[in-house]
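Coordinates in review
The lines below spell out each chain.
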Amino acid sequence: MHAHGAALTADFSSLFQFLPIGAYRSSREGMMLRANPALVQINGYQDESSMLEGVNQANSDWYVQPGRRAEFRALLERDGVVRGFVSEVIRQRDGAHLWVNENAHGVYGPTGSLEYYEGTVEDITDRVAAQKAQFEANAQLRLLAGQLPGMAFVVRVTDQGDTQYRFVSDGVGQIYGLTPDDVLRDPGVLARYRHPDDARHFVEHVRRLHAGEPDQGMEFRIVLPDGRIRWLFRRSDTVAEEPGAKVRVGILLDITARKEAELALRQSEALWKLALDSAGDGVWDWNIATGHEYVSSRIKAMYGYTQGELDNSPVELDARTHPDDIPQMHVDRQAHFEGRTPVYRNEHRIRCKDGSWKWVLSRGMVIERDEQGKPLRMVGTHTDISDLKQAEAQQRVLETQLRESQKMEAIGTLAGGVAHDFNNLLAAILGNLALAREDVGPDHIAQESLSEINRAAIRARQLVQQILAFSRRQAQELRHQPLRPLVEETLGLMRSLLPAGVQLVTQLDGDALPVLADATQVQQVLMNLCTNAWQAMGTRAGQITVALREVEVDASLALQLSRIEMGRYACLSVADNGPGMDAETQRRIFEPFFTTKAPGAGTGLGLSVVHGIVKSHQGAIAVHSAPGEGSRFDVYLPLASHVPVAVTAPVPTGPAPAPSTQGRLIVYVDDYEALSFLAGRLLRKQGYRVHTFVSGEQALGWMREHLEPVDLLVTDQNMPGLSGVELARAVRQLRPQQRVAIVSGHVNDQLLAAAADAGVADVLGKQDSMDALADAVRELIEGV
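We now turn to the structure provided with this report. (Residues numbered from 1 in each chain as written. Predicted model: local features only at pLDDT ≥ 70, side-chain atom pairs only at ≥ 80, totals over all residues. Heavy atoms only, no water.)

Here's the deal with the side chain of T321
Structurally, T321 is set in the loop between α12 (314–319) and α13 (326–337). T321 gets classed as buried once you look at its relative accessible area, which sits at 4%. (Helix = DSSP H or I, 4+ residues; strand = E, 2+ residues; numbered from the N terminus. Buried < 20%, exposed > 50% of the residue type's maximum accessible area, 1.4 Å probe, protein only.)

Quick notes on the packing of aromatic side chains
Enumeration according to the criterion identifies eight aromatic pairs in this entry. Between Y63 and F85, the aromatic rings sit 6.3 Å apart at their centres with planes inclined by 85 degrees, giving edge-to-face as the arrangement. With Y63 in the loop between α3 (48–57) and α4 (68–79) and F85 in strand β3 (residues 81–90), this residue pair connects regions lying 22 residues apart in the sequence. The exposure class of F85 is buried, given its relative accessible area of 4%. Ring centres of F693 and W702 lie 6.2 Å apart, and the angle between their planes is 50 degrees; on these two criteria the pair is classed as tilted. Here the aromatic residues W62, Y63, F72 and F85 are joined through ring pairs into a cluster of three or more. In this arrangement the basic side chain of R68 is found over the ring face of F85, its NZ or CZ atom lying 3.9 Å from the centre. Here the basic side chain of K389 rests over the ring of W359, its NZ or CZ set 4.6 Å away from the ring centre. (Phe/Tyr/Trp six-rings, centres within 6.5 Å; stacked < 30°, edge-to-face > 60°. Lys NZ or Arg CZ within 6 Å of the ring centre and 35° of its normal.)

Concerning the side chain of S362
Secondary-structure assignment places S362 in strand β14 (residues 357–369). On the accessibility criterion, S362 (2% relative accessible area) is buried. Polar contacts involving the side chain of S362 include one to the side chain of H382, which spans 3.2 Å. Not counting the four nearest positions on each side in its chain, S362 is found in contact with W284, Y344, R345, N346, H348, T381 and H382. (Polar contact = N/O pair within 3.5 Å; in protein donor to acceptor, adjacent residues only side chain to side chain. Contact = heavy atoms within 4.5 Å.)

Let's talk about the environment of R185
Residue placement: R185 occurs in helix α7 (residues 180–185). Accessibility expressed as a relative area gives 62% for R185, which makes it exposed.

Regarding the sheet that holds strand β24 (residues 689–693)
Read across the open sheet, the five strands follow the order β24-β23-β25-β26-β27; overall the sheet is parallel. Among the strands making up the open sheet, the edge pair consists of β24 and β27 (762–765). This sheet shows a mean twist of 20 degrees between the axes of neighbouring strands, independent of strand direction. Here strand β23 (residues 665–669) pairs with β24 via five bridges, running parallel. (Pairing = 2+ DSSP bridges. Axes fitted to C-alpha atoms, helices over the stretch in contact; angles between N-to-C directions.)

Observations concerning unusual backbone geometry
The phi angle at L513 is positive, at roughly 55 degrees, despite the residue not being glycine. Looking at L513, the relative accessible area reads 2%, which means it is buried. In this model, Q618 sits at a positive phi of 60 degrees, which is unusual for a non-glycine residue. Structurally, Q618 can be placed in the loop between α20 (606–616) and β21 (620–625).

The values are spatial; any link to function lies outside them.
Structure below.
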């Protein structure tokens, strides 16, 4: 007996270790004695011993809801067992929030005394999140569906015809007397209400849908438990395809009243026409054999006519039909006459009495034929669908506006791309013009022509500036406002956009954190960062964490963040556990048009836009990443209640004597030969000695071969071969004290950091003219 018990204990010990959910044993006092691997993993520990030590030494309650532990103990002490105890908890190891399902019971000895407790803990965080998301989606869908007549539904239909309803609106109660849960639990419950005489018709309708035919809707009957018969109209469309199945969204309308009206029509035409007229549709009754057509007063009123203003003839309405719609109307009518369509259906425009056009849906059916099948009589309705058509037209307008917006974005991208080269051309033209006008003298006959060329070039430069202004963002609307509500609002939208498998975690500071900001731009920053995060994950599941907190930026951190002002800031962080980035990618991540995505998958403007917005808010952005370790972007925005601490530069006691520029040696490098030549001429006229080069390699070779001291090296940044920073780094290896100035049309934090790393303190924006370049060089020379 003892040996058998030991074997049984060993078997259960193996099961204890193998269980996919957490399991434990604890003492009567609540000390945890054993924990299986699944529970160790749930609690975030590496092994059982470290978990037992950490959990038993912790003096904090892991339940989020106060009093939850006491409730658990009370149930255990009262009933001796607890089942299905679902709670939100905080993992003691790292503070992560989890949802768990607990079960526990007491184990009693032979004398009936309590010896210890045993229990299980199942991590149901993903299930709770999915249920919450599904509940919110269903709640929104149910709220929308509640505004519609009848029953709205979402159903998954397999290729074998099996159905599973994913959503059913409350309208099912008005039709079937069932609740949505009745249908969700038992997908076949609706089929059991179907009238047996309509079963074949329904199966054929479903077969055509599976064959890919469009759903024109179908009518069928159901039999209620009390024997009453109802007519229903069903229509659905495929909205998604899954492996082996399609997801369809549709609506089920109770058309019993209409069917009863149609029956009444067959019994009494006057009653039928009155019923449809009262329902809002105009009625027509066409005697094809005689050419006489009855048109109800409602149809005539629809077009602005009184009862006696239109003859009862089909020619009257056909004459008022839009010429472009007549051919299709004849085609649809003939198809019904020949029996190729069970119901005549056509949409066309009718000219009203006041000259306006109104869209109508004309539906009808031949109800009488001769022995040869020739139609003799046809009845139907006209429905005003002008509002629907207007909505469709509005949708087309919005689609056109979207395409136009995308086109304008492409134009803006093109403008930014060519502006640098075009400005170089204009700078060369204007600079050479200025030199030419000096060379020929003020009284030269060519001055008038040169003046006209100068005006044209100035106009061209103004046009370039207008194009650049177009390609930039809209003007800011800065307002004092709390940052947290902006973040919460954006995250609410972001949750509905995230793909399946991406979890959004928030860690928002409890304070409002007031800032001076443009709400739209701040939301754009967060949306761009979150979108960039989940796109970086590709098709893999992952987690995005958005945090908001207040930080104090001291002198050291301010220096790291591109020399922003010291003080109190709101720090908005977006982190992901994606693939991360290497150092080279991080160096270029904020450059316009730089992207790591496949061609056509991105513009490369998202993060550069984020950077521009943050800088315009007097803030800073930092990135922390490594391959395989995910990425985190920290956005720093100054708090509105804080006046940043400005470091005041010492006031000079008197003007320093400016050294003479005569004879100073300047090396000028620009890959655009015309600019390089022009800069050389201009600087020589200022009294400098100048050597110009069209590549970094040429300049570096000259400085290797010549030991003559160079007062200033001025180089363009973006050049084939060696860039400006690379040239500066190579030159300073030859001449450690050499002063270098880098000129770029895109001065950003990355360029400033790279220049500083190469020992370059002077980074200049691209000058609008050669005179501006000369002034900048003079300031640098005189500041030596």
